[in-house]
Amino acid sequence: MKNAVVLSAEEKRKRLALSASEAEGLTLRDIRCPYCDFIITRVFSDASGHYLAKCQKCKRQVVLNFAYFRRQKGIGKRKAGGSAK
Ligand SMILES: [Zn+2]
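No experiment lies behind these values; they were computed from the predicted model shown. The residue count restarts for each chain, going from 1 along the sequence in the order it is written. This being a predicted model, a pLDDT of at least 70 is required before a residue's local features are given, and a value of 80 or more before pairs of side-chain atoms are given or counted; all residues contribute to the totals for chains, interfaces and linings. Where side-chain values are given, they derive from all heavy atoms of the structure, hydrogens and water being excluded.

Trainee: Provide a residue-level description of the overall build of the protein chain, including the pertinent values.
Mentor: Note on conventions: DSSP H or I runs of at least 4 residues are helices, E runs of at least 2 residues are strands, and numbering of each starts at the N terminus. Secondary structure summary: the protein chain contains two helices and four strands in total. Listing the helices and strands of the protein chain from first to last along the sequence gives α-β-β-β-β-α. Each residue is assigned to one of three classes by its accessible area relative to the maximum for its type, calculated with a 1.4 Å probe on protein chains only: buried under 20%, partly exposed between the two thresholds, exposed over 50%. Out of the 85 residues belonging to the protein chain, those deemed buried represent 16%. It only takes one pair of heavy atoms within 4.5 Å for two residues to be counted as in contact. Considering only contacts within the protein chain whose residues lie at least 6 apart along the sequence, 19% involve residues at least 24 apart. Surface summary for the protein chain: the accessible area is close to 7,300 Å², and the carbon and sulfur share equals 53%. Accessible areas in this description were obtained via Shrake-Rupley with a 1.4 Å probe; residue shielding takes into account the shown protein chains only.

Here it is as structure tokens:
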């Protein structure tokens, strides 16, 4: 690969530690298969962009935009004008 960055073992350790420390204040949420509701992966609250996921249960491969698969508590009620069941 032309733009591949080769990291030394030391640099990888540094980046892993940095990633872990950055994630400390974040919450995790489950990303579920839109077809069978199986938990495909778990992502931190700052995750964004698109994710190519393969469901381990129903074996379907799906492209997920994290922005569209975010469960916000109470948003259904607000969108329905407070008359949601
Ligand atoms: Zn599935």
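Trainee: Describe in detail the coordination of the zinc ion, supporting the description with residues and values.
Mentor: With distances of 2.3 Å, the protein atoms coordinating the zinc ion are Cys-33 (SG), Cys-36 (SG), Cys-55 (SG) and Cys-58 (SG). A donor here means an N, O or S atom no more than 2.8 Å from the metal, or no more than 3.2 Å when the metal is Na, K or Ca. Since water is not included, a site may seem to lack partners. Labels for metal geometry use angle windows, namely 85 to 135 degrees for all angles of a four-donor tetrahedral site, and for square planar (four donors) or octahedral (six donors) sites opposite donors over 155 degrees apart plus all others within 65 to 115; sites meeting none of these are irregular. Each of the four donor atoms bound to the zinc ion contributes to angles spanning 102 to 118 degrees, and the resulting shape is tetrahedral. Read in sequence order, the donor residues coordinating the zinc ion give the pattern C-x2-C-x18-C-x2-C. Of this pair, Cys-33 sits in the loop between strand 1 (28-32) and strand 2 (39-44) while Cys-55 sits in the loop between strand 3 (50-54) and strand 4 (61-65), placing them 22 residues apart in sequence. There is no split in this pair, since Cys-33 and Cys-55 are both buried.

On their own, these measurements won't tell you what the molecule is for.
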